[in-house]
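An overview of the molecular structure
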Amino acid sequence: MLVRRMGHFSPSLSIKTSPFFSLLTKNPSPFHHLRPIHFFKPIYTKSPQTHLFSMNQKTHFTTSAAFLQEPTNTKTLSNRSAKKARRDAPESVLRHQLDQCSKRGDLQEAIRLYEEAKLNNITLNVHHYNVLLYLCSSGTGTEGCGIEKGFHIFKQMGVNGVAPNEATFTSAARLAVAKQDPEMAFDLVKKMKSFGVPPKLRSYGPALFGFCEKGMADKAYEVDVHMGESGVVAEEAELSALLKVSSFSKKADKVYEMMHRLRASVRQVGEETAGVIEDWFNSEFAAEVGLQDWDVRKVKEGVVKGGGGWHGQGWLGKGNWNVVRVEMDSSGVCRSCGEKLVCIDIDPKETENFANSLAKLACEREVKANFVQFQDWLQKHGPFDAVVDGANVGLITQRNFNFSQLRSVVNKLRQMSESKKLPLVILHKSRTTGGPAQHPNNKKLLESWKKAGALYATPHGSNDDWYWLYAAVSSKGLLLTNDEMRDHLFQLLGTSFFPRWKEKHQIRMTASRDDGLKLHMPPPYSIVIQESEQGCWHVPTLSGDDLEIPRQWVCATRKKALHSLFRRTGESNH
């Protein structure tokens, strides 16, 4: 059949079914590729016109003038077609639908999709299996059907030769624990290395928590040792579980070990962990544990060696513990027992190493030339007694940037400084050139800071957090900011040194109509679990971690320690 078009004849089109065309069309059904679909096949006809493209000696293809006026980018069409084909492929459609099931927690629909995919010979990859295993392990359905289905899927994954990854093993371990088999969960973690898969903290969780919940302390310690050998560091949840099972099993030495591991890595505990600690001190067994007489010299040596705040010589004293929640006064004296908390020094070498690692991270995430230029500038104009996060100060309680507020804070810090040197103000370049910065008074203020070498404008596209933090650390000075420094950027810095540095160097501020801006200096004591020379314990909690609400501490003391403490306090007062 010939069709007249634009004054000449063009090829007509016939329709023929083909499964290939399913990759290029959208259909609401998840398995539309199984239905008959159509594509257009050109039937070439001879044309009396001049032939532009010769297909062979007998058949020619003609095209219209309109088509020639709008040439098509063949490469662009090819790329679009390829992307569309990938997107509409049955494996991609299945992935999208399983991801939606994961968001909704819809295990039944996910299993239906899985069974239908098997019937239609759709190839599943590791992501498909991981979503299914995750749903089976987290939403096990009624009467354990989700658990059994999860194991079936895990087995099928091996039969199909799909290599597992860390998420696969973790979900399988969760299935094992849901089946009340932490031993199987631990075996799965052990097998990860043979697959070249390094375990993560979450990989160990099912086995560790499973053993702890069953009261199998020795097996839990075995998991803990394996974690250490794999370079995986336990966090608060794991240490709290180990502390609880140790207390339940009456393993006093292990309780002591976990208390110090919490002190070293967690420092301030959540409410659940605080409850576990209180339960230990209130137990009858805890009252029986401890040295009646101890070597005072060794205890003092332990305190010096540890840097203050703990001695590590074991439980001191015997008898019931007095356990209360309490606040510290402004100087760090416990309002219950009268013990004064200590301020634990930071090794200068640690600070130097931290500054170097901070600079390395900044150079990886910022334009290296920009940050190196800042380091050179800091060498020339620093060090500074204090560094100010200018954006944080200028915007506190304000919608618009307030230079007057920033100037007031800078002047206060200068007056407090022994050297009377201006603090370093870090501001993004846009803050120093646009908006309120154009006001004559603000221009004059910025110029005076710039001439004094007390202002650094970070370049466009940079994150000024790296700049003010590095300046404060490298200068060994104070840092004024209300930024809690808890986002992903600061998580890169680790949980060991950074919290200790922040505690001793961060100045925070509040603003009110009556008092204006008020600066809150770092506390004169360390907010960390402390063990005294008399055997008393003070555990800071996260409750009250706010400028307006005093922090709550767990205070645990024995009567003998209290008498000794009061006697010592009375003698010093006398």
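Cut-offs and rules
- Residues numbered from 1 in each chain as written.
- Predicted model: local features only at pLDDT ≥ 70, side-chain atom pairs only at ≥ 80, totals over all residues.
- Heavy atoms only, no water.
- Disulfide = S-S within 2.5 Å.
- Buried < 20%, exposed > 50% of the residue type's maximum accessible area, 1.4 Å probe, protein only.
- 1 Å grid on protein atoms, 1.4 Å probe; cavity = no way out; pocket = protein on both sides within 12 Å on 5 of 7 lines; lining within 4 Å.
- Points joined across faces, edges and corners; volume = space filled by probe spheres on them.
- Helix = DSSP H or I, 4+ residues; strand = E, 2+ residues; numbered from the N terminus.
- Nonpolar A, V, L, I, M, F, W, Y, C, P; charged D, E, K, R; others polar.
- Phe/Tyr/Trp six-rings, centres within 6.5 Å; stacked < 30°, edge-to-face > 60°.
- Lys NZ or Arg CZ within 6 Å of the ring centre and 35° of its normal.
- Arc of directions from axis to C-beta.
- Polar contact = N/O pair within 3.5 Å; in protein donor to acceptor, adjacent residues only side chain to side chain.
- Core = buried A, V, L, I, M, F, W, Y, C linked by side-chain atoms within 4.5 Å.
- Contact = heavy atoms within 4.5 Å.
- Salt bridge = Lys/Arg side-chain N within 4 Å of Asp/Glu carboxyl O.
- Pairing = 2+ DSSP bridges.
- Axes fitted to C-alpha atoms, helices over the stretch in contact; angles between N-to-C directions.
- Left-handed = near helix turned anticlockwise from the far one by under 90°.
- Parallel < 35°, antiparallel > 145°, perpendicular 65-115°, else oblique.

The next point concerns the state of the cysteines. One pass over the full model with this rule turns up zero disulfides. Cysteine Cys536 shares no disulfide, and the gap to the nearest cysteine sulfur, in Cys337, comes to 5.4 Å. In this model Cys555 remains outside any disulfide bridge; the closest cysteine sulfur is found in Cys337, 3.9 Å from its own. Its relative accessible area of 0% is what places Cys555 among the buried residues.

So, about the layout of surface pockets. In this structure, the second largest pocket spans a volume of roughly 370 Å³. Thr432, Lys450, Leu455, Tyr456 and Ala457 are the residues nearest the centre of the second largest pocket, which is lined by 15 residues in total. Looking at the lining of the second largest pocket, the elements that each hand over two or more residues are helix H17 (368-381), helix H20 (429-433), helix H21 (440-451) and strand S10 (455-458). Residues that form the lining of the second largest pocket fall into these classes: six nonpolar, five polar and four charged.

Take the environment of Glu447 next. With respect to the helices and strands, Glu447 occurs in helix H21. Exposure remark for Glu447: the relative accessible area of 38% places this residue in the partly exposed category. The sequence separation of Glu447 and Thr432 amounts to 15 residues, and the corresponding C-alpha distance is 9.6 Å.

All chains considered together, the criterion is met by 23 aromatic pairs. Their ring planes at 70° and their centres at 6.1 Å tell us that Trp280 and Phe285 sit as a pair that is edge-to-face. Given a relative accessible area of 23%, Phe285 falls into the partly exposed group. A centroid spacing of 5.6 Å and a plane angle of 35° characterise the contact between Trp280 and Trp315, whose relative ring orientation is tilted. Of this pair, Trp280 sits in helix H13 (residues 271-282) while Trp315 is found in the loop between helix H15 (296-306) and strand S7 (321-326), placing the two residues 35 residues apart along the sequence. Through pairs of rings, three or more aromatic residues link up here, namely Tyr256, Trp280, Phe281, Phe285, Trp315, Trp321 and Trp537. Taking the ring centre of Tyr221 as reference, the NZ or CZ of Lys254 above it sits at 4.5 Å. When the ring centre of Phe384 is taken as reference, the NZ or CZ atom of Lys421 above it lies at 4.4 Å.

A few words now on H15. For the α-helix, the turn length of 3.6 residues means that residues three or four positions removed from each other point alike. Every buried residue of H15 is listed here: Val299, Gly302 and Val303. Along the axis of H15, the buried positions cluster into a sector of 100°, meaning they face one direction only. Across from the buried face of H15, at angles greater than 90 degrees, the exposed residues are Val304 and Lys305. Two or three places before Arg297, at the opening of H15, Asp295 has a side-chain oxygen 3.0 Å from that residue's backbone nitrogen. Two residues or fewer past H15, Gly307 is found with a positive phi of approximately 90°.

A few words now on the nonpolar core. Grouped together as the largest cluster of nonpolar side chains are 74 residues, with contacts concentrated most on Met259, Phe281, Trp315 and Trp537. When near neighbours in sequence (up to four residues on either side) are disregarded, Met259 contacts Leu243, Ile277, Phe281, Trp315, Ile529, Trp537 and Val539.

Tracing the backbone through its elements, the reader meets Ser203 in helix H9 (residues 201-213). Polar contacts involving the side chain of Ser203 include one to the side chain of Thr170, which spans 3.3 Å. When neighbours within four sequence positions are excluded, Ser203 is seen to be in contact with Glu166, Thr170, Ala173, Val189 and Met192.

It is possible for side chains bearing opposite charge to pair when their charged atoms get close. Summed over all chains, the structure comprises 24 salt bridges. Glu222 is the salt-bridge partner of Lys219, the closest N and O atoms lying 3.1 Å from each other. Within this pair, Lys219 and its partner Glu222 are both found in helix H10 (residues 217-229), separated by three residues, close to a single helical turn. We note a salt bridge from Glu350 to Arg500, for which the minimum N-O separation is 2.8 Å. One end of the pair, Glu350, is in helix H16 (residues 348-365); the other, Arg500, is in helix H24 (residues 497-505), with 150 residues separating them in the sequence. Residue classification places Glu350 among the partly exposed positions, given a relative accessible area of 28%. Here Arg500 falls in the buried class, since its relative accessible area comes to 19%. Beyond isolated ion pairs, a larger network of salt bridges with shared partners links Glu183, Lys190, Lys219 and Glu222.

So, about the side chain of Thr481. Tracing the backbone through its elements, the reader meets Thr481 in the loop between strand S11 (478-480) and helix H23 (488-491). At 2.9 Å, the side chain of Thr481 and the side chain of Asp389 are in polar contact. A distance of 3.0 Å separates the side chain of Thr481 from the backbone nitrogen of Asp483, its partner in a polar contact. Other than its neighbours up to four places away in sequence, Thr481 contacts Asp389, Asn392, Trp468, Gln506, Ile507 and Arg508.

On to the sheet that holds strand S15 (residues 537-540). Strand order across the open sheet formed by four strands is S7-S16-S15-S14, with antiparallel pairing between neighbours. Both outer strands of the open sheet, S7 and strand S14 (530-531), are each paired with one neighbouring strand and no more. In the sheet, S7 pairs with strand S16 (residues 553-558) via six bridges, with the strands oriented antiparallel. Counted as the bridge partner of Val324 is Cys555 from S16.

A word on the packing of helix H4 (residues 107-119) against helix H6 (residues 145-159). Close contact between H4 and H6 brings their axes to 12 Å; oriented N to C, the two are set at 35°. As for how H4 packs across H6, the hand of that crossing is left-handed. On H6, the residues touching Leu107, Ile111, Tyr114, Glu115 and Lys118 of H4 are Gly146, Lys149, His152, Ile153 and Gln156. Classifying every residue of the contact of H4 with H6 by side-chain character gives four nonpolar, three polar and three charged.

Moving on: the packing of helix H8 (residues 182-192) against H9. At a closest axis distance of 8 Å, the pairing of H8 and H9 adopts a crossing angle of 150°. By the criterion of interaxial angle, the relationship of H8 to H9 is roughly antiparallel. In this structure, the crossing between H8 and H9 has a hand that is left-handed. Residues Pro182, Glu183, Ala185, Phe186, Val189 and Met192 of H8 pack against Ser203, Tyr204, Pro206, Ala207, Gly210 and Phe211 of H9. Among the residues forming the contact of H8 with H9, the class breakdown is nine nonpolar, two polar and one charged.

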